[in-house]
Amino acid sequence: AMAPLEEDSMVLIAWKRGTLPYTGHVQWFSLDLEDNGKMLTVEVEWGCVAVAVMSSEYITYTYTDARRNNAAHIVLCGVEGENLNCRGKRQSGVGEMFHPGPV
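Reading the values: the criteria
Residues numbered from 1 in each chain as written. Predicted model: local features only at pLDDT ≥ 70, side-chain atom pairs only at ≥ 80, totals over all residues. Heavy atoms only, no water. Core = buried A, V, L, I, M, F, W, Y, C linked by side-chain atoms within 4.5 Å. Buried < 20%, exposed > 50% of the residue type's maximum accessible area, 1.4 Å probe, protein only. Helix = DSSP H or I, 4+ residues; strand = E, 2+ residues; numbered from the N terminus. Contact = heavy atoms within 4.5 Å. Phe/Tyr/Trp six-rings, centres within 6.5 Å; stacked < 30°, edge-to-face > 60°. Lys NZ or Arg CZ within 6 Å of the ring centre and 35° of its normal. Salt bridge = Lys/Arg side-chain N within 4 Å of Asp/Glu carboxyl O. Pairing = 2+ DSSP bridges.

K.L.:
Describe the nonpolar core, naming the residues involved and giving the relevant values.
P.N.:
With 21 residues, the main nonpolar core has Val26, Val42, Trp46, Ile59, Tyr61, Tyr63 and Leu84 as its most contacted residues. Contributions of two or more residues to this core are made by strand S1 (2-5), strand S2 (10-16), strand S3 (23-30), strand S4 (40-53), strand S5 (58-65), strand S6 (71-80) and strand S7 (83-87). With five residues, the single largest contributor to this core is S4. Excluding residues that lie within four positions of it along the chain, leucine 84 makes contacts with Leu12, Val26, Gln27, Trp28, Ile59, Cys77, Gly78 and Val79.

Right, dumping it as structure tokens:
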């Protein structure tokens with residue numbers, strides 16, 4: 001999943017690994033690929049993922065947990081320099097369940 005961040009000079013990308021375990025990753029990239037944020041790894045096996053940019057300071061991503069009945073989770077993150085400061089379980093990016101699944 002991808003969304004523009006900061007007036008189209010950067011993009012937010014969320015993806016899952018291509019091999020087992022299918023853990024999730026979230027990171028922002030500059031379009032010239034010279035100034036990129038730190039990758040956030042979410043230790044959950046993702047099914048589907050979507051991202052939304054709320055402002056230049058906040059982003060959200062949602063995903064389904066492939067190991068737990070495809071339950072849907074949502075995470076709010078602050079964009080702080082190169083870091084994504086996510087609120088959720090232990091600030092690990094796991095997020096809060098908003099639907100028990102399957103979604």
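K.L.:
Lay out the environment of cysteine 77 with the relevant residues and their values.
P.N.:
Looking at the secondary structure, you find cysteine 77 in strand S6. Counting along the chain gives 16 residues from cysteine 77 to tyrosine 61, while the straight-line C-alpha distance between them is 8.3 Å. Not counting residues within four places of it along the chain, the set of residues in contact with cysteine 77 comprises Glu57, Tyr58, Ile59, Tyr61, Leu84, Asn85, Cys86 and Arg87.

K.L.:
Break down the packing of aromatic side chains for me, citing the residues and quoting the values.
P.N.:
Under the definition given, this model contains three aromatic pairs. Through a chain of ring-to-ring contacts, three or more aromatic side chains come together here, namely Trp46, Tyr61 and Tyr63. One residue, lysine 16, lies across the ring of tyrosine 22, its end atom 5.5 Å from the ring centre.

K.L.:
Any chance you could break down the pattern of salt bridges for me, citing the residues and the numbers?
P.N.:
One pass over the structure, following the stated rule, counts three salt bridges. The salt bridge involving lysine 38 is made with glutamate 82; its shortest N-O contact spans 3.5 Å. One end of the pair, lysine 38, is in the loop between S3 and S4; the other, glutamate 82, is in the loop between S6 and S7, with 44 residues separating them in the sequence. On the accessibility criterion, lysine 38 (47% relative accessible area) is partly exposed. In this structure, arginine 67 engages glutamate 45 in a salt bridge whose closest nitrogen and oxygen atoms are separated by 2.8 Å. One end of the pair, arginine 67, is in the loop between S5 and S6; the other, glutamate 45, is in strand S4, with 22 residues separating them in the sequence. Accessibility expressed as a relative area gives 61% for arginine 67, which makes it exposed.

K.L.:
How would you sum up the pairing of S6? Please name residues and give values.
P.N.:
Burial analysis of S6 places seven of its ten residues in the buried class, which makes it a mostly covered element. Judged from the eight bridges that link them, S5 and S6 form a sheet pairing that is antiparallel. Bridging from a neighbouring strand, threonine 60 pairs with leucine 76 of S6. Hairpin remark: S5 followed by S6, antiparallel, with five residues in the connecting loop; positive phi at asparagine 69, about 60°. Judged from the three bridges that link them, S6 and strand S8 (residues 96-99) form a sheet pairing that is antiparallel. Within the sheet, the bridge partner assigned to histidine 73 lies in S8 and is methionine 97.

K.L.:
Give a description of the environment of glycine 78 that names residues and reports values.
P.N.:
The topology assignment puts glycine 78 in strand S6. Residue contacts for glycine 78: discarding those within four places in its chain leaves Glu57, Tyr58, Asn83, Leu84, Asn85 and Arg87.

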